[in-house]
Amino acid sequence: MDVKDQFRRWNKKDSGVGEMSKMISASILSADFSCLGEEIKKAETAGVDWLHIDVMDGVFVPNISIGLPVIDSMRKVTKLFFDVHLMIVEPERYISYFRQAGANLITVHFESTKDVKVAIAEVKKSGAKVGVSLKPETPFEEIEPLLQELDLVLFMGVEPGFGGQRFNPNVITKIKTARAVIDKRGLKTLIEVDGGVNEETIPNLSKAGVDVFVAGSYIFSNPKGVAYAISKLRDLI
Ligand code: DX5
Ligand code: ZN
């Protein structure tokens, strides 16, 4: 599915979140970077909906991953929707550059910026879809008043920084609360979950009301392969 189709789905008139089909976003953090183009093609051929791109600065999180030139190169080999997850301090400084590199959705961390409203405005100005992410311990109520401004809210199921961690089950309660609030207010804000998503955790997350499931190690380190992993997750949502 190309970017235009994705936007059509986002923009489809009267499509409440409940009617929108659930999506899988493959996190390339666990891909083999020595052949990133091939890894992307595998996920694309297997029918993944989005590519999730984790940007880490070694300050907001204790790890450093990839940045603008890599996203720029990725954009040349695929038309998939780029779901860019910024784990960097002062994200507002870089948003226009991530958009230029090819981001379709830019998600900033609530905890990474002095004024999340400024970061949200920057993303909107860039023309990208806008998301805000919460660490496992950050209460949902922090962003509740801003929900109508957001295309997506991202719930971290693990402490951001590394792939392959176990999902924190306490996060399920926050997701259920968010689902209820979004539905009650009739909003179209999507709920995304990231960290520890696999065949064991995904059924409950789906029941709790998640729309977009990010999976890294389950997809790219799966002994049965990328295509198997994506179709297995799809069967379970
Ligand atoms: C962690 C990243 C995740 C990570 C998820 O900070 O935001 O996107 O790739 O990895 P898994 O799916 O292995 O938990
Ligand atoms: Zn992520």
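The structure we're discussing is the one just above.
About the cut-offs
Residues numbered from 1 in each chain as written. Chains lettered and ligands numbered in written order. Predicted model: local features only at pLDDT ≥ 70, side-chain atom pairs only at ≥ 80, totals over all residues. Heavy atoms only, no water. Pairing = 2+ DSSP bridges. Helix = DSSP H or I, 4+ residues; strand = E, 2+ residues; numbered from the N terminus. Axes fitted to C-alpha atoms, helices over the stretch in contact; angles between N-to-C directions. Contact = heavy atoms within 4.5 Å. Donors = N, O, S within 2.8 Å, 3.2 Å for Na, K, Ca; no water. Tetrahedral: all angles 85-135°; square planar, octahedral: opposite > 155°, others 65-115°. Buried < 20%, exposed > 50% of the residue type's maximum accessible area, 1.4 Å probe, protein only. Core = buried A, V, L, I, M, F, W, Y, C linked by side-chain atoms within 4.5 Å. Near = heavy atom within 4 Å. Polar contact = N/O pair within 3.5 Å; in protein donor to acceptor, adjacent residues only side chain to side chain. Areas by Shrake-Rupley, 256 points an atom, 1.4 Å probe, with all protein chains shown as cover. Nonpolar A, V, L, I, M, F, W, Y, C, P; charged D, E, K, R; others polar. Salt bridge = Lys/Arg side-chain N within 4 Å of Asp/Glu carboxyl O. Right-handed = clockwise from strand over helix to strand, strands pointing away. Arc of directions from axis to C-beta.

J.: Hey, could you go over the sheet that holds strand S8 (residues 212–215) for me, with residue numbers and the actual values?
T.: Across a sheet, strands are paired by hydrogen bonds formed along the backbone, either parallel or antiparallel in direction. If you walk around this closed barrel you meet the 8 strands as S1-S2-S3-S4-S5-S6-S7-S8, and the pairing is parallel. For this sheet, the mean inter-axis angle between neighbouring strands, taken without regard to orientation, is 25°. Across 7 bridges, the pairing between strand S2 (residues 50–56) and strand S3 (residues 81–87) is parallel. Bridge pairing in S3 links Leu51 to Phe82. Here helix H5 (residues 116–126) sits on the sheet and contacts strand S4 (105–109) and strand S5 (129–134); the angle it forms with S5, its principal contact strand, is near 150°.

J.: Hey, could you go over the coordination of the zinc ion (ligand 2) for me, with residue numbers and the actual values?
T.: Reference values for coordination geometry: four tetrahedral donors around a metal ideally subtend 109.5 degrees, six octahedral donors ideally subtend 90 or 180 degrees. Protein-derived coordination of the zinc ion (ligand 2) comes from His52 (NE2), Asp54 (OD), His85 (ND1) and Asp194 (OD), at a distance range of 2.0 to 2.3 Å. Between the 6 donor atoms coordinating the zinc ion (ligand 2), the angles at the centre fall across 72 to 171°, so the site counts as octahedral. Site description for the zinc ion (ligand 2): donor spacing in sequence, H-x1-D-x30-H-x108-D. Pair check on accessibility: His52 and Asp54 agree, each one buried.

J.: Residues and numbers for the nonpolar core, please.
T.: Ranked by internal contacts, the top residues of the largest apolar core, which has 64 residues, are Ile28, Leu51, Leu86, Phe155, Ile175, Leu205 and Ile219. Ranked by the residues each element gives to this core, the list is headed by helix H6 (residues 171–184), at 6 residues. Listed in part, the 10 residues of the second largest apolar core include Met23, Trp50, Leu105 and Val212.

J.: How would you explain the site of ligand 1 if you had to name every residue and give the values?
T.: In the neighbourhood of ligand 1, 20 residues make up the surrounding shell, with Ser27, Asp54, Gly161, Asp194 and Ser217 lying closest. With respect to ligand 1, the backbone of Gly216 contributes an N or O atom lying 2.8 Å from an oxygen atom. Interatomic distance of 2.5 Å between a side-chain N/O atom of Ser217 and an oxygen atom of ligand 1. Taking 380 Å² as the accessible area of ligand 1 by itself, protein coverage stands at 99%. Mapped by element, the contributors of at least two residues to the shell around ligand 1 are S2, S3 and S8. Grouping the amino acids of the shell around ligand 1 by side-chain chemistry returns 8 nonpolar, 10 polar and 2 charged.

J.: Describe the pattern of salt bridges, listing the residues and the values that go with them.
T.: All chains considered together, the criterion is met by 9 salt bridges. Between Lys76 and Asp72 there is a salt bridge whose closest N-O contact spans 3.8 Å. Of this pair, Lys76 and Asp72 both sit in helix H3 (residues 68–77), separated by 4 residues, roughly a single helical turn. Here Lys76 falls in the exposed class, since its relative accessible area comes to 66%. Several salt bridges share partner residues, and in doing so they unite Arg179, Asp183 and Asp211 into one network.

J.: Lay out the pairing of S3 in plain terms, naming residues and giving numbers.
T.: Within S3, 7 of the 7 residues are buried, leaving the element largely enclosed by the surrounding structure. Of the two faces of S3, the one holding Phe81, Asp83, His85 and Met87 and the one holding Phe82, Val84 and Leu86 are both buried throughout. The parallel pair S2 and S3, bridged by H3, forms a crossover whose chirality is right-handed. Note that S3 and S4 share 4 bridges and pair parallel. For Leu86, the partnering residue across the bridge sits in S4 and is Val108.

J.: Kindly report on H5, identifying the contributing residues and their values.
T.: Of all the positions in H5, only Val116, Ala119, Ile120, Val123 and Ser126 are classed as buried. On an axial view of H5, the arc spanned by its buried residues comes to 125°, and they lie on one face. Turned more than 90 degrees away from the buried face of H5 sit Lys117 and Lys125, all of them exposed. Taken together, the buried residues of H5 touch helix H4 (95–101), S4 and S5. For H5, the N-terminal capping position is held by Asp115, with its side-chain oxygen 3.0 Å away from the main-chain nitrogen of Lys117. A positive phi of about 95° marks Gly127, the residue just after H5.

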